[in-house]
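Fold and geometry: a report
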Amino acid sequence: MDFEFSEEELAFQAEVEAFLDATQDPAVMDPARENMAQIVDTPERRAFMAQLSEKGWLGITWPTELGGKAGSGVYEYLLNEALARRGAPQIGKGVGIIGKTLIRHGSDKLKSEFLPKILAAEVEFAVGYSEPDAGSDAAAMKLKAEKVDDGWILNGTKIWTTSAHFADWYWVGARTDPDAPKHHGITLFLVPMDHPGLTVNAIWTMGDERTNEVHFDNVHVPDDYVVGELNHGFQYISEALDLERFTMFTFSPIQARLDLLTEYVKAAKRDGRPLKDDPVVRSRIARLTAEAEVARVLGLRFVAAATHVEGKPPTTQASQYKLYATELSKRLADASMDLAGPESLLAVGTDTAPMRGRAESTYRYTVLDTIGGGTSEVQKNIIARRKLGLPKNF
Ligand SMILES: Cc1cc2nc3c(=O)[nH]c(=O)nc-3n(C[C@H](O)[C@H](O)[C@H](O)COP(=O)(O)OP(=O)(O)OC[C@H]3O[C@@H](n4cnc5c(N)ncnc54)[C@H](O)[C@@H]3O)c2cc1C
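Computed from a predicted model, the values in this text were never measured in an experiment.

**Focus on the overall build of the protein chain**
Helix and strand counts for the protein chain come out as eleven helices and ten strands. Taken over C-alpha atoms, the radius of gyration comes to 21 Å for the protein chain, in line with the 21 Å a tight globule of 394 residues would show. With the C-alpha coordinates aligned to their principal axes, the bounding extent of the protein chain is approximately 75 × 45 × 45 Å. A buried classification covers 54% of the 394 residues belonging to the protein chain. Long-range pairs, those at least 24 residues apart, make up 70% of the contacts in the protein chain between residues at least 6 apart in sequence. Both charge centroids of the protein chain, one from 44 positive and one from 57 negative side chains, sit 6 Å from each other.

Pasting the structure below:
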């Protein structure tokens with residue numbers, strides 16, 4: 001098996017890097033936002049995405065008849081990883097998750113309305129699966145959808161909806177059949193975020209980023225805005241989560257932080273002695289380096305398996321990658337705090353902070369990585385059940 005990139009792929013990577021060099025703008029690129037850098041939450045970030053669109057870099061893997069390039073997933077991977085390394089907004093949510101799910105399951109109306117807007121970077125989405133009593137067990141969602149003549153009326157509450165305060169559309173799951181087994185009574189809807197029945201309340205996280213609670217008060221959704229088949233929503237949500245676990249948890253920021261820590265270890269002294277001479281420090285950084293290579297290769301295996309947009313996304317590969325990469329990201333954050341000692345508490349932006357203050361910020365931010373998109377325990381359950389055939393525990 002060859003894990004090296006071809007000449008064409010490397011040429012594309014170089015083209016992307018040259019574009020990013022030329023577009024350096026701190027208002028658009030901020031690696032210290034860690035995984036939240038991917039969201040497209042300001043006019044500057046929207047304008048940047050429009051530039052990616054003009055270059056034809058959105059929808060690389062989408063079919064040509066839907067405006068894509070029918071290209072290999074490797075190109076999408078190279079683009080997304082390059083964006084993530086710079087802390088630039090990324091293609092995950094629209095192109096990678098919602099677009100691909102609409103291509104597989106959406107009606108012609110939804111495809112013709114949303115796919116061109118996604119390709120033109122003209123629409124941003126919020127994703128609403130979690131509720132106050134339905135997180136890991138997302139199929140327990142209770143947001144009520146009742147049938148009326150021309151559509152559905154939605155009532156209830158979603159929680160942790162990142163992006164709800166700036167998105168244009170809400171990709172949201174609701175219970176359409178309360179009598180069916182829980183996985184079979186859920187339908188996916190698209191709802192405009194400016195609907196007067198929606199109230200969005202901020203929740204601020206320890207990573208200084210905003211997520212939201214969203215209340216639905218008699219929100220009318222026309223039948224045309226049901227995604228795919230009625231009561232099949234949980235199947236689509238599961239597929240979308242497989243895509244999310246890979247597309248929205250990128251590897252390159254982990255490597256960039258490991259490089260920062262390695263540079264620090266090479267240069268810093270503790271009690272007058274170089275840190276690089278300490279066998280415990282050397283052992284720890286060597287181990288992290290080996291683990292980073294495992295995470296990189298797990299990611300590449302997923303790319304190979306997920307190249308075709310029409311195929312069902314690979315489930316256990318996505319869970320294995322997400323579990324390993326995000327747990328490594330946390331171990332790396334712990335190591336940065338430990339090895340830089342008390343100064344690691346200095347905030348991002350402090351001139352004298354080791355690793356430009358990234359230690360304390362990644363320590364706070366990486367907590368989210370093992371929760372969002374399904375916790376590490378949920379990933380382990382998926383691997384146990386679907387890969388190993390072990391019994392269900394809930
Ligand atoms: C900052 C942030 C942003 C988010 N953004 C979004 C978003 O945009 N859209 C969205 O829909 N959701 C979002 N989420 C929600 C996220 O997906 C959930 O928090 C996550 O799925 C866990 O659900 P929960 O918080 O209800 O925890 P719970 O499900 O209550 O879990 C609590 C603990 O119990 C463990 N646990 C639960 N069930 C099991 C089990 N069967 N076996 C073993 N252990 C178990 C969990 O691993 C966890 O450690 C976000 C969350 C955060 C923190």
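**Regarding the domain arrangement of the protein chain**
What the domain assignment reports for the protein chain is domain 1 (7-90), domain 2 (127-230) and domain 3 (249-387). One C-alpha centre belongs to domain 2, the other to domain 3, and the line joining them spans 32 Å. With five residues of domain 2 at the contact, the number on the domain 3 side is five residues. On the domain 2 side of the interface with domain 3, the three residues burying the most area are Ser136, Met206 and Gly207, jointly 78% of the side's total. Along the contact surface separating domain 2 from domain 3 lie three residue pairs in polar contact (both at pLDDT 80 or more). Across the side of domain 2 that touches domain 3, the residue classes break down as one nonpolar, two polar and two charged.

**Description of helix H1 (residues 7-22)**
The periodicity of an α-helix, 3.6 residues per turn, causes residues three or four places apart in sequence to face the same way. When the terminal C-alpha atoms of H1 are compared, their 23 Å separation across 16 residues agrees well with the 22 Å that a helix rising 1.5 Å per residue should span. Those residues of H1 not exposed but buried are Glu9, Phe12, Val16, Glu17, Phe19 and Leu20. Looking straight down H1, one finds its buried side chains confined to an arc of 160°; they lie on one side. In H1, the exposed positions angled more than 90 degrees off the buried face are occupied by Glu7 and Ala22. In this structure, the buried side of H1 is in contact with helix H2 (43-54) and helix H3 (73-85).

**Brief notes about the site of the ligand**
As a matter of local geometry, the ligand sits amid 18 residues, with Val127, Ser136, Trp160, Thr375 and Glu377 nearest to it. A distance of 2.8 Å separates a nitrogen atom of the ligand from a polar atom in the backbone of valine 127. Here an oxygen atom of the ligand sits 2.7 Å away from a polar atom, N or O, in the side chain of threonine 375. About the coverage of the ligand: the protein hides 66% of its 970 Å² of free accessible area.

**As for the packing of helix H4 (residues 92-105) against helix H6 (residues 233-247)**
It is at 10 Å that the axes of H4 and H6 come closest, and there the two elements cross at 150°. The angle between the axes of H4 and H6 places the two elements in the roughly antiparallel class. Here the hand of the crossing between H4 and H6 comes out right-handed. When H4 is examined against H6, the residues Gly92, Gly96, Ile97, Lys100, Thr101, Arg104 and His105 are found in contact with a partner set consisting of Gln235, Tyr236, Glu239, Ala240, Leu243, Glu244 and Thr247. Counted by class, the contact of H4 with H6 contains four nonpolar, six polar and four charged residues.

Each value, and the rule that gives it
Residues numbered from 1 in each chain as written. Predicted model: local features only at pLDDT ≥ 70, side-chain atom pairs only at ≥ 80, totals over all residues. Heavy atoms only, no water. Helix = DSSP H or I, 4+ residues; strand = E, 2+ residues; numbered from the N terminus. Rg over C-alpha atoms; globule rule 2.2 N^0.38 Å. Buried < 20%, exposed > 50% of the residue type's maximum accessible area, 1.4 Å probe, protein only. Contact = heavy atoms within 4.5 Å. Lys, Arg positive; Asp, Glu negative; His and termini not counted. Charge placed at Lys NZ, Arg CZ, Asp CG, Glu CD. Domains from an automatic or database assignment. Buried area = accessible area lost by both parts, 1.4 Å probe. Polar contact = N/O pair within 3.5 Å; in protein donor to acceptor, adjacent residues only side chain to side chain. Nonpolar A, V, L, I, M, F, W, Y, C, P; charged D, E, K, R; others polar. Expected span 1.5 Å × (residues − 1). Arc of directions from axis to C-beta. Near = heavy atom within 4 Å. Areas by Shrake-Rupley, 256 points an atom, 1.4 Å probe, with all protein chains shown as cover. Axes fitted to C-alpha atoms, helices over the stretch in contact; angles between N-to-C directions. Parallel < 35°, antiparallel > 145°, perpendicular 65-115°, else oblique. Left-handed = near helix turned anticlockwise from the far one by under 90°.

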